[in-house]
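# Survey of secondary and tertiary structure
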Amino acid sequence: MTPALLTPARVPAHWPSALAPDVLEVIDMPTPYLVTDLGTVAARHEEFERELPGVRAYYAMKSNPAQEVLATLAARGSGFEIASLGELRMLERAGVDPADVLYSNPVKPPAHVAEAYRAGLWRFSFDSPGELAKIAELAPGAAVYVRLRVDDEASVFPLSRKFGTSVGEAYDLLTLAERLGLRAYGITFHVGSQCANPLAWRQAIADSARLMNLLRADGIELRMLNLGGGFPARYVNGVPSIETIGAVVTAAQDELLPYRPELLAAEPGRYLVAESAVLATTVIGRERRDDENWLFVDVSAYHGLMETLQTANGWEYPLWTSVRHAAEIPGMRFTVTGPSCDSSDTVFTGVTLPATIDVGDILYIGSAGAYTLSYASAFNGFPPPTPLFVGGGADGR
Ligand SMILES: Cc1ncc(COP(=O)(O)O)c(C=O)c1O
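Everything numeric here is computed off the predicted structure, so don't read it as measured data.

## Focus on the overall build of the protein
- In terms of regular secondary structure, the protein is built from ten helices and 18 strands.
- With 397 residues in all, the protein has 50% of them scored as buried.
- Within the protein, residue pairs in contact and separated by at least 24 positions form 73% of the contacts whose partners lie at least 6 positions apart.

Dropping the structure here:
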């Protein structure tokens, strides 16, 4: 694994100018901190809706629930997707109407269903008879959408083992929903987070079309098709662009669906926020253990870099350092670990960094806006990154 080393001369064209290495260099703040460019969040939202015409984004706020991010997206007219009552309360603080929120966690605490319904949220996902019974009792008359199990093999973080049901079971469940006094409202799926294959959406839309056909024969027409999340962000390796995915999704809708539901929705999380932030961490120690070079820094997996532990081969972020004239210094391979007394907080192995890097130098971790702060704890007494915001603003520019 060799994350890209960025220097001002080698910054990729898409990199936000507010987060350029030479711009961040002048920030005079104790690390760790996470700088988020709200202009990038707004730009990604604009691109998403442009490249998937007719599809409304419901931001999956679990990926980054900062109030500034929520306000930026709310100002642009985005909808929102939640997993819990706690997330709904954060949205209410940002002025979002619960009626504009999708509750897409298929298995929910009963009290959260009741409270969300009381607050005005009216659409709930499910994938089992038990959850339907729960919703029928605590949110009578609510609209429900079934979560299909779809192929998520091409994603970095699969979800279909934990959630989703087959087309046949989904048909039974949506007809049961009607008998329970609920409204059979729609279909959702998730192709897995950071999905590299646009055809995964096409296949999932084909599965949805089969279900829509079955239900239509019974006189049930659905109001929503929800394409879920999984839209990939740019880290180190190339990913299909949103233009490419949008073209595949649009063609699949036109070619495969028996009718166009009133609402075409999607729940992008990572795509909207990952590229908007950089995490800065300071080297607190450099040690050699046997023949391995270790760099100790002031953040770890427990302080926001949990995704580095969630994949078999580690997770690559664009990296660069504050080391002067880094391009002229030979590279050396390092294992980068956190400040805690636990070895499982190690975040990168075999990454090439300038050989002279040492205590006091800063390591910058790019594309760090998704699933970082929302995971961060103060494990072992080391504080999570301080959030900083630049660019754009609540007006979404
Ligand atoms: C129901 C649901 N929707 C959307 C998302 C967002 O996924 P992503 O960040 O890959 O776009 C998730 C992520 O886990 C999810 O569980």
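## Things to note about the domain arrangement of the protein
- Looking at the protein, the domain boundaries give domain 1 (8-35 + 274-390) and domain 2 (39-273).
- Domain 1 and domain 2 are separated by 32 Å when their C-alpha centres are compared.
- Listed per partner, the contact involves 19 residues of domain 1 and 20 residues of domain 2.
- For the side of domain 1 that touches domain 2, the residue count by class is ten nonpolar, seven polar and two charged.

## Thoughts on the environment of S208
- Relative to the helices and strands, S208 resides in helix α8 (residues 199-217).
- Judged by the 28 C-beta atoms lying within 10 Å of it, S208 falls in the buried class.
- Separated by 54 residues in sequence, S208 and A154 place their C-alpha atoms 19 Å apart.
- Setting aside anything within four residues of it in sequence, one finds S208 in contact with L148, I187 and L225.

## Observations regarding the site of the ligand
- Near the ligand you find 16 residues, and of these A60, S193, G229, G269 and R270 are the closest.
- Its residues assigned to classes, the shell around the ligand shows four nonpolar, eight polar and four charged.

## Points about the packing of helix α5 (residues 110-119) against helix α6 (residues 129-138)
- The N-to-C vectors of α5 and α6 enclose an angle of 40 degrees; their axes lie 9 Å apart at closest approach. Our classification of the angle between α5 and α6 gives oblique. For the pair α5 and α6, the sense of crossing is right-handed. From α5, P110, V113, A114 and Y117 reach across to α6, where they touch K134, I135 and L138.
- Taken together, the residues of the contact of α5 with α6 break down into six nonpolar, no polar and one charged.

## Examining the pairing of strand β1 (residues 33-37)
- Counting buried residues in β1 gives four out of five residues, a clear majority hidden from the surface.
- Here four bridges tie β1 to strand β12 (residues 277-289), and the two strands are oriented antiparallel to one another. Bridge pairing links L34 to L279 in β12.
- Sheet topology places β1 next to strand β18 (residues 386-390); five bridges connect them, and they run parallel.

Thresholds, definitions, all that
Residues numbered from 1 in each chain as written. Predicted model: local features only at pLDDT ≥ 70, side-chain atom pairs only at ≥ 80, totals over all residues. Helix = DSSP H or I, 4+ residues; strand = E, 2+ residues; numbered from the N terminus. Buried ≥ 20, exposed ≤ 12 C-beta atoms within 10 Å, placed from the backbone. Contact = placed C-beta atoms within 7 Å. Domains from an automatic or database assignment. Nonpolar A, V, L, I, M, F, W, Y, C, P; charged D, E, K, R; others polar. Near = placed C-beta within 6 Å. Axes fitted to C-alpha atoms, helices over the stretch in contact; angles between N-to-C directions. Parallel < 35°, antiparallel > 145°, perpendicular 65-115°, else oblique. Left-handed = near helix turned anticlockwise from the far one by under 90°. Pairing = 2+ DSSP bridges.

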